[in-house]
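In case you want the letters, here they are:
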Amino acid sequence: MDYRAEYEKWCTDPYFDEATCQELKDLAGNEKEIEDRFYRTLEFGTGGLRGEIGAGTNRINIYTVRQATQGLANYIKAKGGQEKGVMLTHDNRLFSPEFARAAALVLNANGIRTYLTESLRPTPELSFGVRELGCIAGVMITASHNPREYNGYKVYWEDGGQITPPHDKGIMDEVEKLTDVRDVRTMDEDDARVEGLFHIVGEELDDRFIAAVKALSIHPEIIPEMAPDFTVAYSPLHGTGNVPVRRVLSELGFTRVFVEPEQKIPDGNFPTVPKPNPENPAAWEYVLRLGEKVDADIILATDPDADRLGVCCKDTKTGKIVEFNGNMSGILVADYILKEKKATGTMPKNPALCSTIVTTDMAKVLAEDYGVALIETLTGFKYIGEQIRFFEEQGTYDFIFGLEESYGCLAGTYARDKDAIGSVMMLCEVAAYYKKKGMTLWDAMVELYERYGYFREGLDFIVCKGKDGAAEIKARMEKFRSEPPKELAGLKVLAIRDYRTGIRKDLVTGEESSTGLPASNVLYFELEDHAWACARPSGTEPKIKFYYGVKEKTMEASEERLEQLRKELVDFS
């Protein structure tokens, strides 16, 4: 792409609105910024679009959103799915409502009915709603947990899960055929309403979603019993979680739920937390202060589109607040569900847990202990959602629970993506269950560590922005492939799984076998003593990510080994 020519076109073509042209004209003289905005078209990846908000082909804006939607519309029509329609919703981010409405009108102009929510809704409600409304696809406008300057466009298929093969590749191909943002159809909203193409979805769907979440409860009788002495502190981090979280907890009988007032109202500027991610320690400042004030039993935070959940609680022995990572909170819920389904005789015939390859290995020993299958997938919860569909189509397993390290989990099959609303409900029930036994969530976690071993995991990354950054990420991955480490943190590398080639090589025997998973640019190193390490480029951000895990006999030993592994893994790249 001739970035200069494209820049001039956007500055002068009357197709583009005045504000867009002026934003670009103001960049005159900043050649590096102009190149970054126009050296490529924002890539439509396996989940959709994600990028910085702004004018240009390499930014997310109303024009690139329309272009992506035209590609989606072409694919839907090729599959004969236009009569089923598409559900759309959005989170609180800047321009999210405008992008969602623009996408709906492109679909309408292509003869496809749309069901747009009346206002912002969480991602899991979209996953639920696609199936509930019988749609062929769904579109969620969100950049999830990314910083405020980002927005995104996630596509779901009729099973309620994010697009996976062959639909992801099919949609990507259709989007790539559109070489110009002007190659789209759109129409006036009033005309779309008159033609019966544009519909608004409201409270009725909310009611059905909340009812499905409440049905997850295993011991609802515990909640009113413990509610007078059970306190929750919660922050939606300016996102979509506030209304549905408070509603589901209230309807189940939790009475002492305190919402952080300065982060309660949806705001795409994120004035108190520039990085609205529960994985980010800085995101916890306000709600931790609230938790201390109300002496909370559990402290919670959800990301803007409410599919990720962070959890903290007090260690009553030390008085310190303990932050749970996604592996810890997921394992606590998994253990509770398995234990109580077994105790109440409600375990299905062929139960299965699902996790990703970078999720804690404690899931393996937990599944073995309870006699349930563990199915591992590639990184990304959409692959867990895909397994639910496989189970149903093939009649193989009954899905019990899915968890991933990035603060996401799902109990039940009402949705096909991770759900922080359902996870809040489950963790509050788990915490109330243990409080009745005189234990905190941290006590319960330590009990699991003592039973199965101190499994600890970590995540680090290197940011590599722009054109040069993409080349750097590629070079780092190639170094891992051409000169793989033989030892990390004093532990020998026993095997290497290269998911790009689909080959696992045993370094002890020299034997090669299949990884058994689809192709993906991921390298996984199996180490001695149940330790492991993994490297992969992020699918949504300009980063190379490093995942790693260990198992030791004490917390201190696991933390020491984990830090050593982190340092050597990052330094090696």
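Right, let's walk through the structure included here. Here the structure is a predicted model, which means the values were calculated and not measured.

## Some thoughts on the pattern of salt bridges
Okay, step 1: For the structure on display, the rule yields 55 salt bridges.
Okay, step 2: For Lys154, the salt bridge is made with Asp307, and the minimal N-O distance between the two is 3.7 Å. Note that Lys154 is positioned in strand S5 (residues 150–157) and Asp307 in the loop between strand S9 (298–302) and strand S10 (309–314), a separation of 153 residues in sequence. Accessibility assignment for this pair places Lys154 and Asp307 in one class, buried.

## What about helix H15 (residues 381–394)?
Okay, step 1: Its 14 residues give H15 an end-to-end C-alpha distance of 20 Å, which sits within 8% of 20 Å, the value for a rise of 1.5 Å per residue.
Okay, step 2: By the criterion of burial, H15 is predominantly enclosed, with 10 of the 14 residues buried.
Okay, step 3: Every buried residue belonging to H15 is among Phe381, Lys382, Tyr383, Ile384, Gly385, Glu386, Gln387, Ile388, Arg389 and Phe391, and all of these are buried.
Okay, step 4: The inward-facing, buried residues of H15 contact helix H7 (167–177), strand S12 (351–356), strand S13 (373–377), strand S14 (398–404) and strand S15 (408–411).
Okay, step 5: Phi for Gly395, located one or two positions after H15, is positive at around 65 degrees.

## Description of the packing of helix H13 (residues 326–344) against helix H14 (residues 362–370)
Okay, step 1: At their nearest, the axes of H13 and H14 sit 11 Å apart, and the two run at 5 degrees to each other. The angle between the axes of H13 and H14 places the two elements in the roughly parallel class. Residues Ile331, Ala334, Asp335, Leu338, Lys339 and Lys342 of H13 lie in contact with H14, whose contacting residues are Met362, Ala363, Leu366 and Tyr370.
Okay, step 2: Considering only residue class, the contact of H13 with H14 consists of 7 nonpolar, no polar and 3 charged.

## Details of the nonpolar core
In globular proteins that are soluble, nonpolar side chains generally tend to be buried together.
Okay, step 1: If you look at the biggest cluster of nonpolar residues, it comprises 91 residues, and the most contacted ones within it are Ile298, Phe324, Phe401, Leu441 and Met445.
Okay, step 2: Element by element, the count of residues in this core is highest for helix H16 (residues 420–436), at 12 residues.
Okay, step 3: Setting aside anything within four residues of it in sequence, one finds Ile298 in contact with Phe230, Thr231, Val232, Ala233, Val311, Cys312, Leu427, Cys428, Ala431 and Leu441.
Okay, step 4: With 35 residues, the next largest nonpolar core counts Phe44, Ala73, Ile76 and Leu107 among its residues.

Definitions and cut-offs
Residues numbered from 1 in each chain as written. Predicted model: local features only at pLDDT ≥ 70, side-chain atom pairs only at ≥ 80, totals over all residues. Heavy atoms only, no water. Salt bridge = Lys/Arg side-chain N within 4 Å of Asp/Glu carboxyl O. Helix = DSSP H or I, 4+ residues; strand = E, 2+ residues; numbered from the N terminus. Buried < 20%, exposed > 50% of the residue type's maximum accessible area, 1.4 Å probe, protein only. Expected span 1.5 Å × (residues − 1). Contact = heavy atoms within 4.5 Å. Axes fitted to C-alpha atoms, helices over the stretch in contact; angles between N-to-C directions. Parallel < 35°, antiparallel > 145°, perpendicular 65-115°, else oblique. Nonpolar A, V, L, I, M, F, W, Y, C, P; charged D, E, K, R; others polar. Core = buried A, V, L, I, M, F, W, Y, C linked by side-chain atoms within 4.5 Å.

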